[in-house]
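Fold and contact review
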Amino acid sequence: MSRTIAMVDVYPSSLALAQAFLDDGVRVVRVQSAAQVPPIYRTHPDLGLFADNILHSDLATTRDAVAAHAPALVITASETGVELADQLSESLGLPTNGTPLSPARRDKFLQNEALRAAGVPAARQLLVTDEDKLRAWHAEIGGRVVVKPLRAAGNNGVTFCATPEESVRAYREILGSLNLFAERNEGVVAQEYLVGTEYAVNTVSSMGRHRVTDIWQYAKMTVNGVVDRHAGVFSTPVDAVPDVVSYAYEVLDALAIAHGPAHLEIMVTAQGPRMVETGARLCGGGAAYYATLAGGESQLEWTVDAYLRPDRFAERYRMPHQVEQHVVMAYLTSPVEGVLEDYPLLEQVRALPSFHKEHIGVQPGERLPRTVDDSTEPLMIGLAHPVAQVVADDFRAVNYLDGLGFYRVRP
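In this report, we go over the structure that sits alongside the text. Predicted model only: the values in this text are computed from it and were never measured.

1. A few points about empty space enclosed by the protein
According to the stated counting rule, one finds three cavities of 30 Å³ or more in the structure shown. The wall of the largest cavity is formed by 18 residues, among which Ile75, Thr76, Asn97, His259 and Tyr307 lie closest to the centre. For the lining of the largest cavity, the secondary-structure elements that each account for two or more residues are strand 4 (73–76), helix 3 (82–91) and strand 12 (260–269). When residues of the lining of the largest cavity are assigned to their parent elements, the largest contribution, four residues, is made by helix 3. The residue inventory of the lining of the largest cavity, partitioned by class, reads 10 nonpolar, six polar and two charged.

2. Details of the layout of surface pockets
Each pocket or cavity is described by its volume, and for the second largest pocket that value is around 200 Å³. Along the wall of the second largest pocket there are 18 residues; nearest its centre are Thr236, Pro237, Ala294, Gly295 and Gln322. Residue contributions to the lining of the second largest pocket peak at four residues, all from strand 10 (residues 209–223). Of the residues contributing to the lining of the second largest pocket, the split by class is seven nonpolar, eight polar and three charged.

3. Quick word on the pattern of salt bridges
Applying the stated criterion across every chain yields a total of 29 salt bridges. Across the pair aspartate 24 and arginine 309 runs a salt bridge, and its minimum N-O distance is 2.9 Å. Separated by 285 residues along the polypeptide, aspartate 24 in the loop between helix 1 (15–23) and strand 2 (27–32) and arginine 309 in the loop between helix 9 (299–308) and helix 10 (310–316) bring together distant segments of the chain. Between aspartate 132 and arginine 135 there is a salt bridge, with the nearest N and O atoms lying 2.9 Å from each other. Residue aspartate 132 and its partner arginine 135 are both found in helix 5 (residues 131–141); the two are separated by three residues, about one turn of the helix. Residue classification places arginine 135 among the partly exposed residues on the basis of a relative accessible area of 23%. Taken together, the salt bridges that share partners define one network made up of Arg3, Asp24, Asp305, Arg309, Arg312 and Arg316.

The rules behind these values
- Residues numbered from 1 in each chain as written.
- Predicted model: local features only at pLDDT ≥ 70, side-chain atom pairs only at ≥ 80, totals over all residues.
- Heavy atoms only, no water.
- 1 Å grid on protein atoms, 1.4 Å probe; cavity = no way out; pocket = protein on both sides within 12 Å on 5 of 7 lines; lining within 4 Å.
- Points joined across faces, edges and corners; volume = space filled by probe spheres on them.
- Helix = DSSP H or I, 4+ residues; strand = E, 2+ residues; numbered from the N terminus.
- Nonpolar A, V, L, I, M, F, W, Y, C, P; charged D, E, K, R; others polar.
- Salt bridge = Lys/Arg side-chain N within 4 Å of Asp/Glu carboxyl O.
- Buried < 20%, exposed > 50% of the residue type's maximum accessible area, 1.4 Å probe, protein only.

Structure (structure tokens):
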């Protein structure tokens with residue numbers, strides 16, 4: 001097997017996956033799907049790490065440039081590279097998830113339709129093309145609905161709407177605007193508001209065999225005018241939620257994700273699990289580090305095995321999961337904006353029994369925005385402890401401290 005692979009859209013947020021292959025002695029060729037760095041990724045990684053950097057123009061030209069390196073694999077590193085990686089891997093005859101369902105791995109409306117076609121329970125939804133139809137659909141559904149871009153990530157542009165008029169207003173604001181990938185939102189989907197317990201499920205697949213590497217339960221709050229703002233995630237033993245695991249496998253099969261990592265968001269409702277959305281790529285946000293801290297494994301090493309050592313993957317993918325520590329990633333929420341001077345209560349957070357690490361997104365001297373989505377988080381606090389109750393108590397302490405007094409700013 002060639003010891004060269006091509007990876008589409010390696011950016012700093014996904015560099016850990018490229019590094020995992022590099023550490024295995026693999027030569028990595030970077031393919032860049034667009035000339036401009038998407039705003040969410042901010043900058044390029046160190047291009048000196050890669051054997052080549054190929055800027056995508058058209059499929060034939062890019063395919064030939066990649067083929068010149070005789071790679072064993074073409075895979076995506078980021079959300080923006082999913083479709084190009086599918087096209088290149090399929091056209092080069094390499095292990096691939098294929099192109100027939102490639103659009104559904106990015107389009108939030110097509111995702112649910114693919115589930116429905118496969119007989120997998122899915123949320124009710126409407127592809128919005130007309131304001132009057134949206135009003136009527138919302139009135140028929142009743143209560144709260146979710147309006148969001150077809151092709152975004154995280155909670156960028158996701159709007160929770162209590163009335164038909166709010167839905168129409170969200171539709172107007174989303175359509176034609178730019179998302180965090182600098183892509184224009186050409187489409188909007190409205191979906192029923194799912195009530196229940198939400199989980200992030202991270203998986204790796206090899207030849208249709210699936211391994212759940214880590215699961216996280218969301219903690220939410222309504223704050224800063226944002227409904228269901230993610231305040232943190234709790235590591236969840238994989239064996240504790242078998243219905244979530246089996247549903248995740250059904251989703252992967254329905255979306256034809258037979259190879260590589262995936263990140264699924266699943267809501268357990270009174271009617272059973274329902275997909276919120278799925279990304280056919282590695283989970284971001286440092287999840288691999290905290291997954292290893294919690295359970296001794298992550299998507300990184302399983303992805304390397306899935307592609308480079310599929311026989312080893314096949315031997316091990318059903319092995320029992322471990323619980324080594326209980327872990328929480330707490331996402332802080334600034335109620336103020338201005339130039340940050342300091343975090344005066346951060347020392348109290350550092351003194352908590354389960355404090356593990358801080359990840360500062362906004363440094364003193366930088367502009368602090370009011371937190372309204374994942375892209376504006378000021379910092380994340382990692383908590384870890386052998387006793388689950390300790391991290392639960394400390395998470396509540398972080399929530400208590402995170403408020404007006406946590407941020408010292410000047411206008």
